[in-house]
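Residues per chain, in single letters:
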Amino acid sequence: MAVMSYREALRLAFREEMRRDPNVVLMGEEVAHFNGAYKVTEGLLAEFGEKRVVDTPISEAGFIGLGIGASMLGIRPVMELMFWSFSYVAFDQIMNNAANIRYMSGGKISCPIVIRGPANGGTNVGATHSHTPEAILAAHPGIKVVCPATPADAKGLMKAAIRDNDPVYVMENTILYNDRGEVPEDPDFVIPLGKADIKRAGKDLTIVAHGRMVIMALKAAEKLKAEHGVEAEVVDLRSIRPLDEETILASVKKTNRVLLVEENKPFCGVDAQVAYLIQRKAFDYLDAPVHRVSSFDAPQIYCKKLEDLQIPNVDRVFAEAKKVLNIK
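Rules behind the numbers
- Residues numbered from 1 in each chain as written.
- Predicted model: local features only at pLDDT ≥ 70, side-chain atom pairs only at ≥ 80, totals over all residues.
- Heavy atoms only, no water.
- Pairing = 2+ DSSP bridges.
- Helix = DSSP H or I, 4+ residues; strand = E, 2+ residues; numbered from the N terminus.
- Axes fitted to C-alpha atoms, helices over the stretch in contact; angles between N-to-C directions.
- Contact = heavy atoms within 4.5 Å.
- Expected span 1.5 Å × (residues − 1).
- Buried < 20%, exposed > 50% of the residue type's maximum accessible area, 1.4 Å probe, protein only.
- Arc of directions from axis to C-beta.
- Core = buried A, V, L, I, M, F, W, Y, C linked by side-chain atoms within 4.5 Å.

Engineer: What am I meant to see in the sheet that holds strand β11 (residues 232-236) here?
Structural biologist: Picture the strands of a sheet paired through backbone hydrogen bonds; they go either parallel or antiparallel. Across the sheet, which stays open at both edges, the five strands sit in the order β9-β11-β10-β13-β14 with mixed pairing between neighbours. Here the strands that pair on one side only, and so sit at the sheet edges, are β9 (197-200) and β14 (291-293). The average undirected angle you get between the axes of adjacent strands in this sheet is 25°. With three bridges joining them, strand β13 (residues 258-261) and β14 adopt parallel strand pairing. Note that in β14 the partner of Val261 across the bridge is Val293. This element, helix α8 (residues 213-228), spans β9, β10 (205-209), β11 and β13 of the sheet and lies at about 175° to β11.

Engineer: When you look at helix α10 (residues 270-281) in this model, what are you seeing that I'm missing?
Structural biologist: The periodicity of an α-helix, 3.6 residues per turn, causes residues three or four places apart in sequence to face the same way. The terminal C-alpha atoms of α10 lie 17 Å apart, and with twelve residues this matches the ideal 16 Å at 1.5 Å per residue to within 8%. Residues of α10 that are buried: Val270, Asp271, Val274, Ala275, Leu277 and Ile278. The buried residues of α10 occupy one face: seen down the axis, they fall within an arc of 160°. As for α10, its buried residues are in contact with α6 (134-138), β12 (239-241), α9 (245-255), β13 and β14.

Engineer: Honestly, the nonpolar core in this entry has me stumped. Any pointers?
Structural biologist: Side chains of nonpolar character tend, in soluble globular proteins, to be buried together. The biggest cluster of nonpolar side chains holds 43 residues, and the ones touching the most others in it are Ile64, Trp84, Ile94, Ile115, Tyr169 and Ile278. Of all the elements in the fold, those that place two or more residues in this core are β2 (24-28), α3 (60-72), α4 (91-97), α6, β7 (168-172), α9, β13 and α10. Take this core: its biggest share by element is five residues, from α10. Those residues in contact with Tyr169 that sit more than four places away from it in its chain are Trp84, Ile94, Ala98, Ile115, Leu137, Ile143, Lys144, Val145 and Val146. Ala13, Met18, Val40 and Val78 belong to the second largest nonpolar core, which has 31 residues in total.

Next comes the structure, spelled out in structure tokens:
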């Protein structure tokens, strides 16, 4: 184990996989000579050279299409988007082409591409740079979507994504890049896609979250313990699609009360699907309605103070948890 940042954990995953497999390449705007817009790829150009760490033009439709074509021919491209918001100009490539290649070729052609980058608000960059599109992406068959919350998960999920033979889209959070934690240095450390994690065990309430909202959920859980003696269980989805239904349902059946937390806007969000799953397969175990905490349903607010209120925070999660528990 070594203590490192979320950013360093991602870099370690790239380095290990590039050493393991010569077909793994990194591509994106400024990933090479500038070391990445967020310095995630720092030092990799010097080690692997310009044929495997490639700066691209500012054209997401162009270089994502290039990566998809390369993946069909045996390369394993890891494509960096400066923001997932910029993926919207490449939706034809990302959702119409990559997602359907295996199906439309009768399983003869795979598309082992990873597309990664920040998918979050909270950094005061406006509505066109702050999308959280995991629900949109996960709605398309043929696509896998993951949202790491910790440095260890960032490494393990990224390695699994690179090794996968289908398109895997990794939603990172710029606010987490400096977060530090213990990370296994074992090159064989891989977290399987589709496996959630119990970040905090409890018996009174299940809080389901993903990405940075896991951190909010954990802090709210500690506040519930300190002020009301409540033991909340925090389930980190980690993987949006495939979704670990078994872990979610087992927690609900244990605690009988559920709070869902996500940064997405509420309409057709990830938690809408999770809520349906719970009422369909664990309804008889519920002692209270399922509650949700999401970002307020408006384009991302530019004003920093208002944006901090728009995205779920510890106080909002804590207040909603008390409602689920009927605590006044």
